[in-house]
Amino acid sequence: AMEQLIRVIARALVDHPEDVQIRVRENERGLIYELSVHPDDVGKVIGKQGRIAKALRTVVTSAAVKERKRVVVDIVSE
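Structure report, in brief.

## Here we look at the overall build of the protein
Here is step 1 of the chain: Scanning the protein from terminus to terminus reveals three helices and three strands.
Here is step 2 of the chain: Starting at the N terminus, the α and β elements of the protein follow one another as α-β-β-α-α-β.
Here is step 3 of the chain: For the protein, whose C-alpha radius of gyration is 12 Å, the value lies close to the compact-globule estimate of 12 Å for 78 residues.
Here is step 4 of the chain: Projected onto its principal axes, the C-alpha coordinates of the protein cover approximately 35 × 20 × 20 Å.
Here is step 5 of the chain: Looking at the 78 residues of the protein, the share that counts as buried comes to 33%.
Here is step 6 of the chain: Of the accessible surface of the protein, which amounts to about 5,100 Å², a share of 50% is contributed by carbon and sulfur atoms.
Here is step 7 of the chain: In the protein, the 14 positive side-chain charges and the 12 negative ones have mean positions that sit 8 Å from each other.

If you want it as structure tokens, here you go:
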């Protein structure tokens with residue numbers, strides 16, 4: 001469900017929605033969702049001064065409260 005939420009938001013922001021990929025891994029920090037997008041779309045997902053990335057993380061963190069797990073969204077460029 002969390003992965004789907006991130007995917008829907010990311011696809012709405014980018015010009016190449018087919019290139020949106022999410023890898024999930026778990027470590028001592030909690031669940032880490034690695035969001036990768038087309039190189040041309042990295043700026044769109046991060047936004048001016050990181051505003052969009054911050055908003056995305058806020059939404060995901062809020063949604064994760066129910067699951068009582070720490071969730072981290074990392075934006076990676078391939």
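## As for the nonpolar core
Where a protein is soluble and globular, its nonpolar side chains tend to be buried together.
Here is step 1 of the chain: Counting residues in each nonpolar core, the largest one holds 17 residues, and the members touching the most others are I6, V20, Y33, L35, V37, V60 and V71.
Here is step 2 of the chain: Of all elements in the fold, only α1 (2–13), β2 (30–37), α2 (42–46), α3 (51–64) and β3 (71–77) reach the threshold of two or more residues within this core.
Here is step 3 of the chain: The leading source of residues in this core is β2, at four residues.
Here is step 4 of the chain: The contacts of L35, once residues within four sequence positions are left out, are I6, A10, V20, Q21, I22, V45, L56, D74, I75 and V76.

## Some remarks on α1
Residues separated by three or four positions in an α-helix point in the same direction, a consequence of the helix having 3.6 residues per turn.
Here is step 1 of the chain: With 12 residues, α1 extends 17 Å from end C-alpha to end C-alpha; this agrees with the ideal 16 Å at 1.5 Å per step.
Here is step 2 of the chain: Those residues of α1 not exposed but buried are M2, I6, R7 and A10. For α1, the arc enclosing every buried residue in end-on projection is 130°, short of the 170-degree limit, so these residues lie on one face.
Here is step 3 of the chain: Check the buried side of α1 and you find it contacts β1 (21–27), β2, α3 and β3.

Rules behind the numbers
- Every chain is numbered on its own, with residues counted from 1 as its sequence reads.
- The predicted nature of this model means local features are confined to residues of pLDDT at least 70 and side-chain atom pairs, given and counted, to a pLDDT of 80 or more, with totals for whole chains, interfaces and linings taken over all residues.
- In computing side-chain properties, one takes all heavy atoms of the structure into account and sets aside hydrogens as well as water.
- Helix and strand assignments come from DSSP, with helices taken as H or I runs of at least 4 residues and strands as E runs of at least 2, each series counted from the N terminus.
- Radius of gyration: over C-alpha atoms. The globule rule applied is 2.2 Å multiplied by the number of residues raised to the 0.38 power.
- For each residue, the accessible area found with a 1.4 Å probe, counting protein chains only, is set against the maximum for its type, and the residue is called buried under 20%, exposed over 50%, and partly exposed in between.
- Each accessible area value is a Shrake-Rupley result obtained with a 1.4 Å probe; residue values ignore everything except the protein chains displayed when judging cover.
- When charges are counted, neither His nor the chain ends are considered; positive counts come from Lys and Arg and negative counts from Asp and Glu.
- A single reference atom marks each charge: NZ on Lys, CZ on Arg, CG on Asp, CD on Glu.
- Among the buried residues, those of types Ala, Val, Leu, Ile, Met, Phe, Trp, Tyr and Cys that are joined through side-chain atoms within 4.5 Å form a nonpolar core.
- The contact criterion used is simple: two residues touch if any of their non-hydrogen atoms lie within 4.5 Å.
- Given the number of residues in a helix, its expected span is that number minus one, multiplied by 1.5 Å.
- Each direction from the helix axis to a C-beta atom contributes to the arc, which is the arc of those directions.

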